[in-house]
Amino acid sequence: MASSRPLLRTARQLATTKILLPVSLFPRHVSTTSSPPSPPPPPGSNGTPPPPKKLKPLTQEQKDFLSSALRVNQAGELAATLIYTAQTPPILRREPHLKPLMKHMYDQEADHLRVFNSLIAKHRVRPTALYPLWSVLATGLGWSTAVMGKEAAMACTEAVETEIGGHYNAQIRELLKMVTEWEAEGYDVSDEFTELISTLRRIRDEELEHLDHAVEHDAQKAEPHWLLTGIIRAGCRGAIWVSERV
Ligand SMILES: [Fe+2]
Ligand SMILES: [Fe+2]
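Note that the structure is a prediction, hence the values are computed from the model and not measured.

A. Layout of the packing of aromatic side chains. By the definition in use, this model includes two aromatic pairs. Taking 6.3 Å as the distance between ring centres and 10° as the angle between the ring planes, the aromatic pair formed by Phe 116 and Tyr 168 counts as stacked. A residue pair is termed long-range when its members are at least 10 positions apart, and Phe 116 in helix H3 (residues 99-122) and Tyr 168 in helix H5 (residues 150-184) qualify at 52 residues. On the basis of relative accessible area, Phe 116 is assigned to the buried category, the value being 0%. With centroids separated by 4.9 Å and ring planes inclined at 70°, the aromatic side chains of Trp 182 and Phe 193 adopt a geometry described as edge-to-face. Residue Trp 182 is located in helix H5, and its partner Phe 193 is located in helix H6 (residues 191-216); the two are separated by eleven residues in the primary sequence.

B. View of helix H4 (residues 131-148). With 18 residues, H4 extends 26 Å from end C-alpha to end C-alpha; this agrees with the ideal 26 Å at 1.5 Å per step. For H4, every residue scored as buried is listed here: Tyr 131, Trp 134, Ser 135, Ala 138, Gly 142, Thr 145 and Ala 146. Projected down its long axis, H4 carries its buried residues within an arc of 125°, all on one side. For H4, the exposed residues lying more than 90 degrees away from the buried face are Pro 132 and Val 136. Phi turns positive one or two residues past the end of H4, at Gly 149, with a value near 130°.

C. Molecular detail of the pattern of salt bridges. Scanning the model with the defined rule gives 13 salt bridges in all. Linking Asp 218 and Lys 150 is a salt bridge whose minimum nitrogen-to-oxygen distance equals 3.0 Å. Taken together, the residues span a long stretch of sequence, with Asp 218 in the loop between H6 and helix H7 (225-245) and Lys 150 in helix H5 at a distance of 68 residues. Exposure remark for Lys 150: the relative accessible area of 12% places this residue in the buried category. Through salt bridges with shared partners, one network takes in Asp 111, Arg 202 and Glu 206.

D. Focus on the coordination of the iron ion (ligand 1). Around the iron ion (ligand 1), the protein contributes the donor atoms Glu 77 (OE), Glu 77 (OE), Glu 109 (OE), His 112 (ND1) and Glu 207 (OE), at 2.0 to 2.7 Å from the metal centre. Sequence positions of the residues that donate to the iron ion (ligand 1) give the spacing E-x31-E-x2-H-x94-E. A separation of 3.7 Å is found between the iron ion (ligand 1) and the iron ion (ligand 2), which share Glu 109 as a coordinating residue. Of the two residues, Glu 77 sits in helix H2 (residues 60-94) while His 112 sits in helix H3, which places them 35 residues apart along the sequence. Residue classification places Glu 77 among the buried residues on the basis of a relative accessible area of 2%.

E. Highlighting the side chain of His 225. With respect to the helices, strands and loops of the structure, His 225 is situated in helix H7. Side chain to side chain, His 225 and Glu 158 meet in a polar contact 2.8 Å long. Once you skip the residues sitting within four places of it in the chain, His 225 turns out to touch Ala 155, Glu 158, Ala 219, Gln 220 and Gly 230.

F. Geometry of the packing of H3 against H6. H6 packs onto H3 with a crossing angle of 155° between their chain directions and a minimal axis gap of 11 Å. The pairing of H3 with H6 is recorded here as roughly antiparallel in orientation. Crossing of H3 over H6 shows left-handed handedness. Taking contact as the criterion, the partners of Leu 101, His 104, Met 105, Gln 108, Glu 109, Asp 111, His 112, Val 115, Phe 116, Leu 119 and Lys 122 in H3 are, on H6, Glu 192, Leu 196, Thr 199, Leu 200, Arg 202, Ile 203, Glu 206, Glu 207, Glu 209, His 210 and His 213. The residue inventory of the contact of H3 with H6, partitioned by class, reads eight nonpolar, six polar and eight charged.

G. Here's a closer look at the environment of Phe 116. Measuring from C-alpha to C-alpha, the distance between Phe 116 and Gly 76 comes to 9.8 Å, with 40 residues separating the pair along the chain. Beyond its immediate stretch of four places on either side in the chain, Phe 116 contacts Leu 70, Asn 73, Gln 74, Glu 77, Tyr 168, Leu 200 and Ile 203.

H. Highlighting the UniProt feature "binding site: Fe cation 1" (unreviewed entry) in the chain. Per the UniProt record, "binding site: Fe cation 1" (unreviewed entry) is found at Glu 77, Glu 109, His 112 and Glu 207. Separation in sequence by 131 residues is not matched in space for these annotated residues, since their most distant C-alpha atoms are only 10.4 Å apart. Taken from the residues named earlier, the lining of the largest cavity is made up of Glu 109. Apart from the residues lying within four places of it in its own chain, the contact partners of Glu 77 are Glu 109, His 112, Leu 113, Phe 116, Tyr 168, Ile 203 and Glu 207.

I. Spotlight on the packing of H5 against H7. Here H5 crosses H7 at 40°, and the two axes come no closer than 9 Å. Regarding the angle of H5 to H7, the classification is oblique. Handedness of the H5/H7 crossing: right-handed. For the pair H5 and H7, contact is made by Ala 152, Ala 155, Cys 156, Glu 158, Ala 159, Val 160, Thr 162, Glu 163, Ile 164 and His 167 and by His 225, Leu 228, Thr 229, Ile 232, Arg 233, Cys 236, Arg 237, Ile 240 and Glu 244, respectively. Split by residue class, the contact of H5 with H7 holds ten nonpolar, four polar and five charged.

Criteria and thresholds
- Residues numbered from 1 in each chain as written.
- Chains lettered and ligands numbered in written order.
- Predicted model: local features only at pLDDT ≥ 70, side-chain atom pairs only at ≥ 80, totals over all residues.
- Heavy atoms only, no water.
- Phe/Tyr/Trp six-rings, centres within 6.5 Å; stacked < 30°, edge-to-face > 60°.
- Helix = DSSP H or I, 4+ residues; strand = E, 2+ residues; numbered from the N terminus.
- Buried < 20%, exposed > 50% of the residue type's maximum accessible area, 1.4 Å probe, protein only.
- Expected span 1.5 Å × (residues − 1).
- Arc of directions from axis to C-beta.
- Salt bridge = Lys/Arg side-chain N within 4 Å of Asp/Glu carboxyl O.
- Donors = N, O, S within 2.8 Å, 3.2 Å for Na, K, Ca; no water.
- Polar contact = N/O pair within 3.5 Å; in protein donor to acceptor, adjacent residues only side chain to side chain.
- Contact = heavy atoms within 4.5 Å.
- Axes fitted to C-alpha atoms, helices over the stretch in contact; angles between N-to-C directions.
- Parallel < 35°, antiparallel > 145°, perpendicular 65-115°, else oblique.
- Left-handed = near helix turned anticlockwise from the far one by under 90°.
- Nonpolar A, V, L, I, M, F, W, Y, C, P; charged D, E, K, R; others polar.
- UniProt positions renumbered as here; feature names shortened; annotations may be inferred.
- 1 Å grid on protein atoms, 1.4 Å probe; cavity = no way out; pocket = protein on both sides within 12 Å on 5 of 7 lines; lining within 4 Å.

Here's what the structure looks like:
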């Protein structure tokens with residue numbers, strides 16, 4: 001896990017850096033004549049470049065939604081990397097054969113965190129002010145479930161990913177609703193926005209893959225499964241609610 005240190009340091013630097021610039025999400029979601037020239041048309045076309053996209057500026061409500069989505073996603077992915085970092089040593093002491101699985105899930109979480117670190121920096125979104133609190137809680141959750149045993153650690157992943165999968169699905173639904181409205185009004189959708197939706201879908205699918213791995217590795221044999229997953233899921237919902245706002 002030594003490789004996680006530079007990443008976590010970067011995340012903590014972001015957390016402690018006061019990025020309080022005005023939100024300027026997707027500023028290019030408007031038609032502009034100063035965009036870079038289009039690439040030449042493919043051979044065989046009629047030689048005229050495609051017309052510039054007709055894009056509708058985001059409303060303040062849409063900007064606020066996107067800011068809070070990026071903020072909570074970044075906080076959640078930081079928590080996920082910390083949970084796996086804390087879980088891995090106690091689990092591998094008893095179950096060394098799980099090393100490839102733990103590494104695979106950690107590596108995907110580290111990639112998710114990189115994605116949202118870069119998006120919040122690009123769009124000048126303020127990170128959650130509760131970074132230090134989430135960091136302590138996530139590390140504590142990962143460590144305590146891992147010392148309870150593999151089943152409890154996997155139940156933790158099952159609970160977290162159930163909530164996170166639903167959370168990403170709700171965001172994707174909201175973005176698709178915006179796309180539907182723009183298209184109904186005759187506007188185009190920016191490549192950046194389309195890319196954001198496909199990034200969220202990829203990450204959602206990877207979180208649900210973690211959920212499947214956890215169930216395959218006896219998450220539901222944790223004792224008492226209903227209590228453990230109930231508490232963790234409620235904690236996740238609370239953390240999401242707060243991070244969207246603070
Ligand atoms: Fe993730
Ligand atoms: Fe995950």
